[in-house]
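Chain by chain, the residues run as shown.
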Amino acid sequence: MVEVESFIGYIAGSLVTISLLPQLITILYNKDSKNVSVFTYIILVIARCLWCIYGIRKLDFQIGITNGISGTLNILIIISAIYYRKTDKDKKNVNL
């Protein structure tokens, strides 16, 4: 029975992690982040870090690994969003 629970845990963690990829890909592909809430992703990074610490302290690698990867993707989204938001403002100033 433990194997089924582990499998479900890995699938759930993987889906949460994969769910971040469309947002990151959209930002990078369109080079636009004006509709992305950076504050939301900052909160998610904090939550992911806490979950990662929790998983490591409990020796639950499903929680630790998946939240560590998700946290990394959240950080990439924040960096991309800030970079492309700044770039958008710079382009507007050049066109004036």
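The structure this text deals with has already been given above.
A. Here's a closer look at the nonpolar core. One finds L20, L24, I27, V36, V38, Y41, V45, L73, I77, I78, A81 and Y84 forming the largest nonpolar core, which totals twelve residues. Those elements that place two or more of their residues in this core are α2 (21-30), α3 (38-57) and α4 (61-95). The element that contributes the greatest number of residues to this core is α4, accounting for five residues.

B. Looking closely at unusual backbone geometry. The phi angle at K31 is positive, at roughly 50°, despite the residue not being glycine. Along the polypeptide, K31 turns up in the loop between α2 and α3. One non-glycine residue, L59, adopts positive backbone phi at about 55°.

C. Region of interest: the environment of G9. As for its position among the elements, G9 is in helix α1 (residues 2-18). As for G9 and T66, which are separated by 57 residues in sequence, their C-alpha atoms are 9.5 Å apart.

D. Main features of the packing of aromatic side chains. With the rule as written, the count across this model stands at two aromatic pairs. Considering the side-chain rings of W51 and Y54, the 5.6 Å spacing of their centres and the 90° angle between planes classify their relative orientation as edge-to-face. Highlighted residues: W51 and Y54, both in helix α3, separated by three residues, approximately one helical turn. By relative accessible area, which is 40% here, Y54 ends up partly exposed. Between Y83 and Y84, the aromatic rings sit 4.9 Å apart at their centres with planes inclined by 80°, giving edge-to-face as the arrangement.

E. A nonpolar patch on the surface, seen in detail. On the surface, V4, F7, I8, I11 and L15 cluster together into a nonpolar patch covering about 500 Å² of accessible area. By the element assignment, I8 lies in helix α1.

F. Main features of the environment of Y10. Inspection of the secondary structure assignment puts Y10 in helix α1. By relative accessible area, which is 40% here, Y10 ends up partly exposed. As for Y10 and Q62, which are separated by 52 residues in sequence, their C-alpha atoms are 5.9 Å apart. Residues contacting Y10, with those up to four places away along its chain left out, are F61 and Q62.

Here is what the cut-offs are and how they apply
- Throughout this description, residue numbers start from 1 for each chain and increase along the sequence as written.
- For this predicted model, a pLDDT threshold of at least 70 governs which residues receive local features, and a threshold of 80 or more governs which side-chain atom pairs are given and counted, while totals over whole chains, interfaces and linings are taken from all residues.
- The basis for the side-chain values is all heavy atoms of the structure; hydrogens and waters are excluded.
- To qualify as a nonpolar core, a set must consist of buried Ala, Val, Leu, Ile, Met, Phe, Trp, Tyr and Cys residues joined through side-chain atoms within 4.5 Å.
- The rule is simple: take the accessible area with a 1.4 Å probe, protein chains only, and divide by the maximum for that residue type; under 20% is buried, over 50% is exposed, in between is partly exposed.
- Only DSSP runs of H or I with at least four residues qualify as helices, and only runs of E with at least two residues qualify as strands; both kinds are numbered from the N terminus onward.
- Only Phe, Tyr and Trp rings are paired, with Trp represented by its six-membered ring, and only when their centres lie within 6.5 Å; those with planes under 30 degrees apart are stacked, over 60 edge-to-face, the remainder tilted.
- What makes a patch is a set of residues exposed beyond 30% relative accessible area and free of salt bridges, joined within 9 Å when like-charged and within 5 Å when nonpolar (Val, Leu, Ile, Met, Phe, Trp, Tyr).
- Values of accessible area rely on a 1.4 Å probe in the Shrake-Rupley scheme; residue burial ignores everything except the protein chains shown.
- Salt bridge criterion: a side-chain nitrogen from Lys or Arg within 4 Å of a carboxyl oxygen from Asp or Glu.
- Residues are treated as being in contact if the distance between any of their heavy atoms lies within 4.5 Å.

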